[in-house]
Amino acid sequence: MTALRILAEAAWPDPEARGPEQLPPLPGFSASTFNPLVAETAERCLRARHGAAPAPGRTALLLVSASGDLATARAIEEAAADTARRMPPLLFFQSNPNAVLGHIAARWGLTGPVVAICPAEPPPPGRVSQDALDLAELLLADGDADQVLVIAAEQAEQTDEDADGTDSTDGTDGTDRAVALLVATA
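Residues numbered from 1 in each chain as written. Predicted model: local features only at pLDDT ≥ 70, side-chain atom pairs only at ≥ 80, totals over all residues. Heavy atoms only, no water.

*Asks:* I tried to follow the confidence of the model for the protein chain on my own but got confused; where do I start?
*Replies:* Any region with low pLDDT has predicted coordinates that should not be read closely. Here the protein chain shows a mean pLDDT of 85. Residues at 70 or above account for 88%. Per-residue pLDDT stays below 50 along residues 159–172; that stretch engages in 17 contacts with residues further than four places along the chain or on separate chains. (pLDDT = per-residue confidence, 0-100. Contact = heavy atoms within 4.5 Å.)

Listed below in structure tokens is the structure:
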């Protein structure tokens, strides 16, 4: 395989931020921070490279998440268990991880392949797995894209005990984390 060259990168939360950051709302997505997390991290990365939308060239999107959208899965489970309550239609739409990728592609005019995977060996939150980088290389080698936006995103596992964000079961501080890398062949 060929080596990848990093064209731009971004993270949530921003390690340079001087205080707590708040994810901006994402129209059309509700009940979860996962999709706003993915969209904001992608936005930061694409802006770092291209400034404003649209992005030139053919860009593939690759979303990597070991757990996916935990909050939406929980909301669907709770709504399905409550037989007296109607299931909100947006939950079905946003439960597909490609939904937010479609939003990003439309906003930035991205025309490459769109892929969502669960890594074979999940890296620590805020890192990109090796199998994701390998897949990015394959997408570039295939010729359908000139660059790949790789987004690794994980929601913090929230329990009743860690509502203050200090005692999370996943070993983090209770903060959603994501990293985005815009890569091309070296």
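*Asks:* I keep staring at helix α5 (residues 130–142) and nothing clicks. Help me out?
*Replies:* An α-helical segment advances 3.6 residues per turn. Residues three or four places apart therefore align on the same side. Between the first and last C-alpha of α5 there are 18 Å, a value that for 13 residues agrees with the 18 Å anticipated at 1.5 Å per step. All of the buried residues in α5 are Ala132, Leu133, Ala136, Glu137, Leu139 and Leu140. All buried residues of α5 project into a common sector of 160 degrees when viewed along the axis, lining one side. In α5, the exposed positions angled more than 90 degrees off the buried face are occupied by Gln130, Ala141 and Asp142. Here the buried face of α5 lies against β1 (4–12), β2 (59–64), β3 (114–117), β4 (147–154) and β5 (177–185). Looking one or two residues past α5, Gly143 carries a phi angle of roughly 90 degrees, positive in sign. (Helix = DSSP H or I, 4+ residues; strand = E, 2+ residues; numbered from the N terminus. Expected span 1.5 Å × (residues − 1). Buried < 20%, exposed > 50% of the residue type's maximum accessible area, 1.4 Å probe, protein only. Arc of directions from axis to C-beta.)

*Asks:* Looking at this structure, I do not really get the packing of helix α1 (residues 34–50) against helix α4 (residues 98–108). What am I missing?
*Replies:* In a pair of packed helices, the angle between the axes and the distance between the axes together describe the arrangement. Packing of α1 against α4 brings their axes to within 10 Å, and their N-to-C directions diverge by 30 degrees. In terms of orientation, α1 lies roughly parallel with respect to α4. Considering only the axes of α1 and α4, their crossing is right-handed. Judged by residue contacts, Asn35, Val38, Ala39, Ala42, Glu43, Leu46, Arg47 and His50 of α1 engage Val100, His103, Ile104, Arg107 and Trp108 from α4. Tallied by class, the residues present in the contact of α1 with α4 amount to seven nonpolar, three polar and three charged. (Axes fitted to C-alpha atoms, helices over the stretch in contact; angles between N-to-C directions. Parallel < 35°, antiparallel > 145°, perpendicular 65-115°, else oblique. Left-handed = near helix turned anticlockwise from the far one by under 90°. Nonpolar A, V, L, I, M, F, W, Y, C, P; charged D, E, K, R; others polar.)

*Asks:* I would appreciate a short explanation of the nonpolar core in the present structure.
*Replies:* Soluble globular proteins: nonpolar side chains tend toward being buried together. Counting residues in hydrophobic clusters, the biggest one holds 30 residues, and the most contacted among them are Val38, Leu61, Val100, Ile104, Leu110, Leu149 and Ile151. Contributions of two or more residues to this core are made by β1, α1, β2, α4, β4 and β5. In this structure, Leu110 is in contact with Leu46, Ala55, Thr59, Leu61, Ile104 and Ala105, ignoring residues within four places of it in sequence. Of all hydrophobic cores here, the second largest spans 16 residues; its members include Leu62, Ala136, Val150 and Val183. (Core = buried A, V, L, I, M, F, W, Y, C linked by side-chain atoms within 4.5 Å.)

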